[in-house]
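Single-letter residue listing:
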Amino acid sequence: MNASGSDTAFAGSIPEFYDRCLVPLIFEPYAADLARRVVTLGPTRVLEIAAGTGVVTRALAKALPAHVDVVATDLNPSMLDRAAAVGTQRPVRWQQADAMRLPFGDAEFDVVVCQFGAMFFPDKAQAFAQARRVLRRGGVLLFSVWDRIEENEFADVATTTLAGLYPADPPRFMARTPHGYFDRDAITRDLANAGFDTAPRIETIAARSRAESARVAAVAYCQGTPLRNEIEAQDSAGLATATSACADAIAARFGAGAVDGKIQAHVVTAEN
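Residue numbers restart at each chain and count upward from 1, following the sequence in its written direction. The predicted origin of the model limits local features to residues at a pLDDT of at least 70 and limits the giving and counting of side-chain atom pairs to 80 or more, whereas totals for whole chains, interfaces and linings rest on all residues. Computation of side-chain values: all heavy atoms of the structure, hydrogens and water removed.

Brief notes about the packing of aromatic side chains
Here is step 1: Here a pair means two rings of Phe, Tyr or Trp (six-membered ring of Trp) with centres within 6.5 Å. Their orientation is stacked below 30 degrees between planes, edge-to-face above 60, and tilted elsewhere. What the rule picks out here adds up to 10 aromatic pairs.
Here is step 2: Ring centres of Y18 and F27 lie 5.3 Å apart, and the angle between their planes is 40°; on these two criteria the pair is classed as tilted.
Here is step 3: An aromatic cluster is defined as three or more aromatic residues linked by ring pairs; in this entry it consists of Y18, F27, Y30, F116 and W146.
Here is step 4: It is K124 that lies over the ring of Y181; its NZ or CZ is 5.1 Å from the centre. Two conditions define a charge sitting above a ring: the NZ of Lys or the CZ of Arg must be within 6 Å of the ring centre, and it must be within 35 degrees of the ring normal.

The following block contains the structure:
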């Protein structure tokens, strides 16, 4: 299924399930890591793009000194609404913005940070060029992308299970988009095409994904991501069946109680 339009549709109840289930499952470990990296750069003004429901924003607000200005943006107002409702321990600025056309002046920020958003950019080089434009000379673009789906166990099991449930047109959102931008050479090439003269540093970091049950992990993927859009496009009443099938498959591999699986991502540092 070619569902590139629905791949960016974080609407309806998806933001709530995303924030409640998926964020603690896979995003929090990398958010803390990114925040630590930003702190070491000693910025005075930070821009976050594709902030989603604010897991990195919350980590930045906690880790950075109070004088550091944090601006958090996302294309999707529903995700930002959820982020703002959850809030941060100190004020940040929330703003709807398209990473392809950032509404900021040149050289306004010391750091541009993006966790697991670059995979969704329709033109990666253009988005990176926009990040470079708003960075001051010597500033840093810091972002993470997921590694190939085979290195991310719960996502892989869910994708394989759904392929068996819908063999005529397998829902491939997870493999196609979140885990579709893992090639180091492609990342390096896109950054060069965006005007970054120095080769990026790319670190591959493995972590653990934990949930209190296989059901929680299945709900996170099937109902907290645009994978839900693909499932419901095939069968408007099939979401519960698909979620249960994924839960059974995760439990069969990882156990009936609390589950623990591998996740892996690339963290990319590009200096302006």
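Having seen the structure, we can now continue with the description.
Quick word on helix α2 (residues 55-63)
Here is step 1: Within the sequence span of α2, burial applies to V55, V56, T57, A59, L60 and A61.
Here is step 2: Contact between two residues is taken to exist if any of their heavy atoms lie within 4.5 Å; hydrogens are not considered. Runs of H or I in DSSP of at least four residues are treated as helices and runs of E of at least two as strands, each being numbered from the N terminus. Looking at the buried side of α2, the elements it contacts are α1 (14-41), β1 (45-48), β2 (69-74), β3 (93-96) and β4 (109-115). Relative accessibility under 20% of the residue-type maximum defines a buried residue, over 50% an exposed one, and the middle range a partly exposed one, all with a 1.4 Å probe and only protein chains included.

Things to note about the side chain of Q95
Here is step 1: Tracing the chain through its elements places Q95 in strand β3.
Here is step 2: On the basis of relative accessibility, which here comes to 18%, the residue Q95 falls in the buried class.
Here is step 3: The residues touching Q95, leaving out its near neighbours within four places in the chain, are A72, T73, D74, L80, P103 and F104.

Some remarks on helix α4 (residues 124-134)
Here is step 1: What α4 keeps buried is the set K124, A125, A127, F128, Q130, A131 and V134.
Here is step 2: Summarising the contacts, the buried residues of α4 are in contact with β1, β4, β5 (135-146) and α7 (184-193).
Here is step 3: A side-chain oxygen of the first residue of α4 lies 3.3 Å from the backbone nitrogen of A125; this N-cap is D123. Under this definition, polar contacts are N or O atom pairs within 3.5 Å; protein pairs additionally need one hydrogen-donor-capable and one acceptor-capable atom, and for neighbouring residues in sequence, both atoms have to be side-chain atoms.

Points about unusual backbone geometry
Here is step 1: Here the phi dihedral of A50 falls at roughly 55°; this positive angle occurs in a residue that is not glycine.
Here is step 2: Note on placement: A50 falls in the loop between β1 and α2.
Here is step 3: Backbone geometry places F116, a non-glycine residue, at a positive phi of 55°.
Here is step 4: Its location among the elements puts F116 in the loop between β4 and α4.

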